[in-house]
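A structural walkthrough
Now for the letters of each chain:
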Amino acid sequence: MQRLFSFAQTTIGASHLNRGIVCQDSSACADNENYSFAAAADGHGSACYLRTERGSRFAVECARDCVKEFLEGLENADEALSDERQRDELFNQLWRSIIARWHDKTEQDFKNDPFTEEEYERIPEKFANYRTKYESGDYIGAYGTTLLFAVVTENYAFGAQIGDGKCVVIDGDSNVFAPVPEDPRCYENVTTSMCQDDAALSARFFYLPKGLMPAAVFLCSDGVENSYWNEEQLFCFFRGLALTIVENGMEEGISQLAEFLPSMTKKGSGDDVTCSGIIDMTKLSSCSDGIREDLAEASLAAAVPVGEALGAEEIEYDDEELQQVISDVIADKADSGEAAAEPESEAETVPEKEE
């Protein structure tokens, strides 16, 4: 499996630096004997989510550990996963194990380190109900986060997602596409979350069999996605990253990515930015000419290889707090003077989009 290489890079958002907010994104990667793994998680931006940065870190750790156990215990994997019904059952089982372990980690963290008065004071006064809820022992929302991960083996690839962010695949013919279905409950600054009661039922999966193995799988938080005007511009960013890796090697390519991300958040979304992924160097090298041609033909402003300077006009800048979940829609209503019913919890169904 030496041809497979994983990577993970996270950079604090420019707006977070300006406001003294911790980085709430987390990422992880692992190269094992029989597979490579990558993950990205994005904690929620509202001050009501007191330990969202811990929640995102727990999420990528739980995904990494549960995937390892899943693959080690999976017999006749190729045959089992080739059957759609059996594959769905297995993926749902894996996802439930991730959610359960994440709950265990958050519970242990809360027991070992109860919320402090300093943490409670960060909650805006108009959301005092959060403090009441946390003090009553309903603490899970404080750790809310999204999660996105991918796995590539010799014969298949798969992944899962809850919440926003993006998975982007480049196949062996240089085609670029997003394999994970969209979630209609994720829009604007609203996202589904691991802290919701229905989190075990809210994952979206992708699966690629041996004949459709990827040359590259990229994962990003919405801080990256929101730094570009549209999906095609985002695809051009990943084409550029792929070429940078092919032309400069894995280590130098990821080094250039790490140097570029602070510029991305400053001139783009302002949010924390995470980019992780898995590269099949053999496949990616063989389709690099096609990637280069596609990138050259793109007339979009964001079609720039990683490491090149970006002008401020090339990326939309939005210095608002991003990555907030359901109850923050209520915050918007409160700010506008409209009356809003208090949600029972973050786990309630996402309300319809405000007009």
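See the structure shown above.
Summarised in this report is the structure supplied together with it. (Residues numbered from 1 in each chain as written. Predicted model: local features only at pLDDT ≥ 70, side-chain atom pairs only at ≥ 80, totals over all residues. Heavy atoms only, no water.)

Let us now look at the packing of helix 8 (residues 231-248) against helix 9 (residues 250-267). When two helices pack together, their arrangement is captured by the angle between the axes and the distance separating the axes. Packing of helix 8 against helix 9 brings their axes to within 7 Å, and their N-to-C directions diverge by 145°. At the point where helix 8 passes helix 9, the crossing takes the right-handed sense. Residues Phe237, Leu241, Thr244, Ile245 and Asn248 of helix 8 lie in contact with helix 9, whose contacting residues are Met250, Glu252, Gly253, Ile254, Gln256, Leu257, Phe260 and Met264. For the contact of helix 8 with helix 9, the residue count by class is eight nonpolar, four polar and one charged. (Axes fitted to C-alpha atoms, helices over the stretch in contact; angles between N-to-C directions. Helix = DSSP H or I, 4+ residues; strand = E, 2+ residues; numbered from the N terminus. Left-handed = near helix turned anticlockwise from the far one by under 90°. Contact = heavy atoms within 4.5 Å. Nonpolar A, V, L, I, M, F, W, Y, C, P; charged D, E, K, R; others polar.)

Okay, the environment of Ala30 next. With respect to the helices and strands, Ala30 occurs in strand 2 (residues 25-31). What makes Ala30 buried here is its relative accessible area of 18%. Considering only alpha carbons, one finds Ala30 and Phe5, 25 residues apart in sequence, at a separation of 8.4 Å. With residues near it in sequence (within four places) discarded, Ala30 still touches Ser6, Tyr35, Ser36 and Phe37. (Buried < 20%, exposed > 50% of the residue type's maximum accessible area, 1.4 Å probe, protein only.)

What follows covers the side chain of Arg54. Position of Arg54 among the secondary structure elements: in helix 2 (residues 52-72). One polar contact links Arg54 to Asp109, side chain to side chain, over a distance of 2.9 Å. (Polar contact = N/O pair within 3.5 Å; in protein donor to acceptor, adjacent residues only side chain to side chain.)

Moving on: the side chain of Asp272. Mapped onto the elements of the fold, Asp272 is located in the loop between helix 9 and strand 10 (273-280). The buried charged residue Asp272 lacks any salt bridge, with Arg19 as its nearest oppositely charged partner at 8.7 Å. Of note is the side chain of Asp272, whose polar atom sits 2.6 Å from the backbone nitrogen of Gly13. There is a polar contact of 2.6 Å between the side chain of Asp272 and the backbone nitrogen of Gln24. Beyond its immediate stretch of four places on either side in the chain, Asp272 contacts Thr11, Ile12, Gly13, His16, Val22, Cys23, Gln24, Asp25, Ser221 and Gly223. (Lys, Arg positive; Asp, Glu negative; His and termini not counted. Salt bridge = Lys/Arg side-chain N within 4 Å of Asp/Glu carboxyl O.)

Once that is clear, we can look at the pairing of strand 3 (residues 35-42). Within strand 3, eight of the eight residues are buried, which leaves it mostly tucked inside the rest of the structure. The two faces of strand 3 match: Tyr35, Phe37, Ala39 and Ala41 on one face and Ser36, Ala38, Ala40 and Asp42 on the other face are all buried. Pairing geometry for strand 2 and strand 3, over seven bridges, is antiparallel. Its bridge partner being in strand 3, Ser26 is matched across the sheet by Ala41. Taking the residues that link successive antiparallel strands as the turn, the strand 2-strand 3 hairpin has three residues. Judged from the six bridges that link them, strand 3 and strand 4 (residues 147-153) form a sheet pairing that is antiparallel. Paired with Ala38 across the strands is Ala150, a residue of strand 4. (Pairing = 2+ DSSP bridges.)

Among soluble globular proteins, nonpolar side chains are generally buried collectively. In terms of nonpolar packing, the biggest core is built from 51 residues, with Phe37, Ile98, Leu147 and Phe149 touching the most fellow members. Sorting the residues of this core by element identifies strand 2, strand 3, helix 2, helix 3 (77-82), helix 4 (84-112), helix 6 (128-135), strand 4 and strand 5 (157-162) as the ones contributing at least two each. Among the elements that make up this core, the one with the highest residue count is helix 2 (nine residues). (Core = buried A, V, L, I, M, F, W, Y, C linked by side-chain atoms within 4.5 Å.)

Right, let's talk about the sheet that holds strand 9 (residues 214-220) for a bit. The five strands lie next to each other as 1-10-9-6-7, forming an open sheet whose pairing is antiparallel. In the strand order of this sheet, the two ends are held by strand 1 (4-11) and strand 7 (176-177), each with one partner. Two strands pair when backbone bridges link them, and strand 1 and strand 10 are joined in this way by eight bridges, in the antiparallel orientation. Each bridged residue has a counterpart across the sheet, and for Gln9 the counterpart in strand 10 is Cys275. Across the sheet, helix 9 lies against strand 1 and strand 10, angled at about 25° from strand 1, the strand it touches most.

That is the geometry; function is a separate question.
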